[in-house]
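Reading the structure
Here's the letter readout for the chains.
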Amino acid sequence: MSRASDSRTTRYLLVTNETLLCDHRERIWLLSSEEAAAWRVDSTPDYLGVWQGVALYSLPQPLEPSVAGGQWLSLRSQLGVLDETLFTLAGRALQIERWRREHRFCGGCGRETQPFDNGAARFCARCELRFYPRLSPCMITLITRDDHCLLARHARSRKAFHTALAGFVEVGETVEDTVHREIQEEVGLKVEAPRYFGSQPWPFPGQLMLGFHAEYRSGDIEVDGDEILTADWWRYDQLPPVPPPQTLAGQLIAHFVATQHNKASQ
């Protein structure tokens, strides 16, 4: 996971316990090579990718040390603040840190694992097992009904957003199966013609979100009262607060709104 790069165009993110080092403005603190040299690193820095011509690496920290002018914040605090590229790279840093922490020991024999394949995997010499970072696929679907879409309030949401329905893919399911099952379970509706829209890494803690549009077929809204608190139909030009455009949910909704505006202008 490491790459060589010019220190003049290199910056580092400090991560620990699923938090990022941010400055007093609650923005991610990107350290220069000189600033990063003062921090403890238990392993080779992880190459994350390129942002605005700068190579980004993550530096995992064993604790949450106090930093003058800095604070440790969750990635959720950066929703709507960071651009999509930096948000994705920061999420990658947190997922790698979490994977390393959770796979220090072999799940088969309990022996400590070692870095393997240039840090891309962890390896147990006794069991000869390799542990790579894993992703959990899940779907998120915006249901549409003419010029209305269905938006819901999720029980676990920390913000007052109304958003699309989502759920994890279960063993033996296709993603399309998940679309139908989750919608039926959460709001009691049946849909048809799920259409793939796009995907997004969603590091809370390690999902790959697959987005769909689907058309209403039948049924009355009956929320499960567990995962979904409320759900209702909303006209495209009278929407409640929705997720920001950096999220796949926000992009699904924005695409629906733009489509309806185009139809109305014809």
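Residues numbered from 1 in each chain as written. Predicted model: local features only at pLDDT ≥ 70, side-chain atom pairs only at ≥ 80, totals over all residues. Heavy atoms only, no water.

**Comments concerning the pattern of salt bridges**
Within this structure, the stated rule accounts for 13 salt bridges. Note that R100 is salt-bridged to D46, the shortest N-O span being 2.7 Å. Here R100, found in helix 2 (residues 84-102), pairs with D46, found in strand 3 (residues 46-51); they are 54 residues apart in sequence, far enough to count as distant. Considered together, R100 and D46 belong to a single accessibility category, that of buried residues. Here E102 and R98 are joined by a salt bridge, their closest N and O atoms 3.2 Å apart. Of this pair, E102 and R98 both sit in helix 2, four residues apart, roughly one helical turn. The exposure class assigned to E102 is partly exposed, which follows from its relative accessible area of 46%. (Salt bridge = Lys/Arg side-chain N within 4 Å of Asp/Glu carboxyl O. Helix = DSSP H or I, 4+ residues; strand = E, 2+ residues; numbered from the N terminus. Buried < 20%, exposed > 50% of the residue type's maximum accessible area, 1.4 Å probe, protein only.)

**Concerning the pairing of strand 2 (residues 19-23)**
Among the five residues of strand 2, five are classified as buried, and the element is accordingly described as predominantly covered. The alternating pattern of strand 2 places T19, L21 and D23 on one face and L20 and C22 on the opposite face, and all of these are buried. Of the pairings in the sheet, the one linking strand 1 (residues 10-16) to strand 2 comprises two bridges and is antiparallel in character. Directly across from V15, in strand 2, lies its bridge partner L20. Connecting strand 1 to the antiparallel partner strand 2 that follows it, the hairpin turn spans two residues, and N17 within it adopts a positive phi of roughly 45 degrees. Direction of pairing for strand 2 relative to strand 5 (residues 70-73): antiparallel, over a ladder of four bridges. Paired with C22 across the two strands is Q71, which belongs to strand 5. (Pairing = 2+ DSSP bridges.)

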